[in-house]
Amino acid sequence: MRVTVEEEKCCGAGQCVLIAPEVFDQRDDDGIVILLEAEPGEEQHAAVREAAAVCPAAAIELTGQD
């Protein structure tokens, strides 16, 4: 699985960070998503899929899903 984020779409809701903190973080100044791991391990796949699904701005894109 490969994760990409579109910072310009991000509204700073932070749901991704709560669901998958090993993969996502937020900038301190404006809350915009920071991608920590573009190719998370298989143990993170379910959390990353959930984070992408609940993102209110649809700023998280997943490719090469299993």
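Described in the following lines is the structure provided in the data block. (Residues numbered from 1 in each chain as written. Predicted model: local features only at pLDDT ≥ 70, side-chain atom pairs only at ≥ 80, totals over all residues. Heavy atoms only, no water.)

This part covers the overall build of the protein chain. Each helix and strand counted, the protein chain has two helices and four strands in total. If you list the helices and strands of the protein chain from N to C, you get β-α-β-β-α-β. For 66 residues, the compact-globule estimate of 2.2 N^0.38 gives 11 Å, and the C-alpha radius of gyration of the protein chain, at 11 Å, lies within 12% of that figure. Oriented by its inertia axes, the alpha-carbon framework of the protein chain measures out at about 35 × 20 × 15 Å. A burial count over the protein chain gives 36% of its 66 residues as buried. Contacts in the protein chain between residues far apart in sequence, at least 24 positions, make up 55% of those at least 6 positions apart. About 3,900 Å² of surface is accessible on the protein chain, with carbon and sulfur atoms providing 45% of the total. On the protein chain, the mean spot of the 4 positive side-chain charges and the mean spot of the 15 negative ones are 6 Å from each other. (Helix = DSSP H or I, 4+ residues; strand = E, 2+ residues; numbered from the N terminus. Rg over C-alpha atoms; globule rule 2.2 N^0.38 Å. Buried < 20%, exposed > 50% of the residue type's maximum accessible area, 1.4 Å probe, protein only. Contact = heavy atoms within 4.5 Å. Areas by Shrake-Rupley, 256 points an atom, 1.4 Å probe, with all protein chains shown as cover. Lys, Arg positive; Asp, Glu negative; His and termini not counted. Charge placed at Lys NZ, Arg CZ, Asp CG, Glu CD.)

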